[in-house]
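Residues per chain are reported as follows:
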Amino acid sequence: MGKLKAILFKSKKSIIVTAVLLLTLLVGGGTAYWLYQNAQVQEVSVHTAWKGQLAKYVPITGDIEASSRSSLYPSPTAKIVEVLAEEGQAVKKGDVLARIDATEYRTQMDKQVINLANAEATLAYLSGSSAEMDKASSQNAVSQAGIVLETAQSNYSAAQGNLDDINTLNANAISQANIALENAQSNYAAANSNLSARGTLYDNAVSQAQIVLESAQSNAAALADKLHNVEIANANAVGQAKLTLENAKAHYWIAKKNLDDLENALHEAKCALETAKATYESAKLNLDIVKTLYDADPILYAVDYQLAQQAVTAAETAVWNAELTFDSAEMGYQAGYDTAKLAVIDAETAVRSAEIALSNAENAADAEYAAAAKAVSDSEAAVSNAEIALSNAESAGSLEYAAAEKAVSDSEAAVRNAEISVSNARSGAAVKYEAAIKAISDGEKSVRSAEIALSNLNTTATFSSATAEERISNQADQIALLKTDLAYLNKKIEESDLKANVDGIVTKMDVVANEYPQVGDAIIVDGATEYVISLAVSQYDSVNMRVGQKATVKVKGVAAEYDGVVSEIGQSAEKSATSADQDAKVTVKVTITDPDENIKVGYEADAEIITVEKLDALRVNFEAVQIDVESGKSYVYVVDSGNRVEKRYIETGLETEYDIEVVDGLVEGERYVADPNKELVAGVRVKDSGDAD
């Protein structure tokens, strides 16, 4: 009965052990499945579709200009007597900026006023229709002609005197400019001579340093070759020692394996014997249990008893066979152990000898290599020092040569400036001289005209057969001519006041009081109420631009950002004659609508013109939208609440550099994969990498 309880206890214990094993397998399988599922989760960047402004920009760079400008270019023949404004000054439209000498015009005007009064008096006299009036009229006309002749002669004399003054001034200016030119040329020649001397010194110093460097490099190359030969010899010796060591180790491992094989065979035979004995004991125990049951009920347990007996017999046979195998293995182990052990010892001795030989070869190689390497290092240091010396020589020579070159360049620029000054002096002198010659020529013509008029009047006064009506008509014509002259002189006097044509800032004031302007001198006033950016836009971008489009303006060096609007688009496209970019460009002007004191004419600015804009567009980032190869349709990967992706076809609209408008297929707030890769497919679980929208 006790044995039966033991059997039942062992059966329950087996059931419990089996249950524990099954539970362990289930838990392990579940864990493995969980790990597998998590291994399939892809890390992606998840963004959210949102609505907002979406715009397409055209970025262009241009220069700031005033929207309005007043430009005055005074004649080089007119002397400036007064300057009433300076650069940077704010002025109003109509303000006088400078005055030209109008003395001559005023003098002529005073004379013509007198002539007009006399002519009008003569006309009144002629209108009396009497002989005395005719005589007085003739005398008066002769008198007037005499006055005109005297005036013309006076103006002619003044013009000749002015010519003499101009010749003197021109001669002085040209002489001074020539002296400055000669000094500049002398300095240029001296600078050239100094440059040549510096060049020779530089070449000598660099040549000496290069010779030292080449010698050091040659020595370094020879030592490097020697080091290479040492490396080869050492490598051969060490390699031979390593080969000997590897052979010794190979023999050792063969001997060790033979010994291990003997030990393993003995151990396996021993384990097989112990297993057979354990099986036999188990069969005997089982036979005892079954025999107890058989004794109680021979009929019910007859077969079990017979099988148990057979199992004991088979186990006895297995034990006998295992003992034979163990005895055979033990005999083989005893017969070969000493030989195998001796082979292992010999192999170990050979390995130690080979290791010592390798160590000796490596030590000898290291010592010889260290000596050769030190020689190479010393030669490299010599090369480095020579290179430094060469660099120092080149640097010092280069600095001195550069300074001499700069002196030559500066003196050359001074020569050019002096030549320009001489040219300007000669040009200005020529202009002033031509103006003076013209004044003399005009004076001569006036004198001749006055002399002819006086002669004609004298003849008329003596021999005139003209009727009173003809004389009255002639006098009226003369009055009309005098009034025309007065109007012309008035206009010239008004024009002597150089006035601003716009409200703004004086940005250029070239003229100087009491001096004649140079050719090209200007007075410029830029309007201060509005500023525009002049942009050269390619024809490909200009076709999408319209007047009134908004723009964002950033001025170089200014932190503020300004609003702008396209105010003008050119009607023609032109290619630049100087730029390498030969695309046709259209001039587009953007008006800055909110300028402040930081805006200056001539500043460079960047403008982004908005060619297309949507204020409430549903948008996703550009990389999220993919194209189906088969259908050609656009799609995105939408992330659901369970973090699984769905392939969603969409209809797109406006595209910019970074975003795309979604017209249909997606709603605001839905999450999507912003950076899909080739491995991503519908149904895969994802997790957000944390990249922000």
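Just so you know, these numbers come straight off a predicted model, no measurement behind them.

Remarks on the pattern of salt bridges
- Throughout the structure, instances matching the rule amount to 19 salt bridges.
- In this structure, Glu65 and Lys589 form a salt bridge, with 3.7 Å as the shortest nitrogen-oxygen distance. Here the residue Glu65 occupies a position in strand 3 (residues 50-66), and Lys589 occupies one in strand 14 (residues 585-592), the gap between them amounting to 524 residues.
- By relative accessible area, Glu65 is classed as partly exposed at 29%.
- A salt bridge links Arg69 to Asp526, with the shortest nitrogen-to-oxygen separation between them at 2.5 Å. In this pair, Arg69 sits in strand 4 (residues 69-72) while Asp526 sits in strand 10 (residues 523-527), placing the two residues 457 residues apart along the sequence.
- Since its relative accessible area comes to 3%, Asp526 is described here as buried.

Here's the deal with unusual backbone geometry
- With phi around 65 degrees, Asn514 is a residue other than glycine that occupies positive phi space.
- Of the residues examined, Asn514 reaches a relative accessible area of 52% and is grouped as exposed.
- Located in the positive-phi region is Asn643, a residue other than glycine, with phi close to 65 degrees.
- Mapping Asn643 onto the fold places it in the loop between strand 17 (634-639) and strand 18 (645-655).

Re the sheet that holds strand 9 (residues 504-509)
- Taken together, 4 strands build an open sheet; the order of strands is 4-10-9-6 and the sheet is antiparallel. The open sheet has two free edges, formed respectively by strand 4 and strand 6 (90-91), since each of these has just one partner strand.
- Where strand 4 lies against strand 10, 4 bridges are found, and the strand directions are antiparallel. Bridge pairing links Leu72 to Ile523 in strand 10.

A word on the packing of aromatic side chains
- Applying the stated criterion across every chain yields a total of 5 aromatic pairs.
- Between Tyr252 and Trp253, the ring centres sit 5.2 Å apart and the planes meet at 65 degrees, which makes this aromatic pair edge-to-face.
- Both rings, one in Tyr635 and one in Tyr649, keep their centres 6.0 Å apart while their planes meet at 70 degrees; by these two values the pair is edge-to-face. In this pair, Tyr635 is assigned in strand 17 and Tyr649 in strand 18, connecting sequence segments 14 residues apart.
- The structure contains a cluster of three or more aromatic residues connected by ring pairs, namely Tyr635, Tyr637 and Tyr649.
- Against the face of Tyr649 rests Lys633, its NZ or CZ located 5.9 Å from the ring centre.
- If you follow Lys647 out to its NZ or CZ, it ends over the ring of Tyr635, 4.4 Å from the centre.

Definitions and cut-offs
- Residues numbered from 1 in each chain as written.
- Predicted model: local features only at pLDDT ≥ 70, side-chain atom pairs only at ≥ 80, totals over all residues.
- Heavy atoms only, no water.
- Salt bridge = Lys/Arg side-chain N within 4 Å of Asp/Glu carboxyl O.
- Helix = DSSP H or I, 4+ residues; strand = E, 2+ residues; numbered from the N terminus.
- Buried < 20%, exposed > 50% of the residue type's maximum accessible area, 1.4 Å probe, protein only.
- Pairing = 2+ DSSP bridges.
- Phe/Tyr/Trp six-rings, centres within 6.5 Å; stacked < 30°, edge-to-face > 60°.
- Lys NZ or Arg CZ within 6 Å of the ring centre and 35° of its normal.

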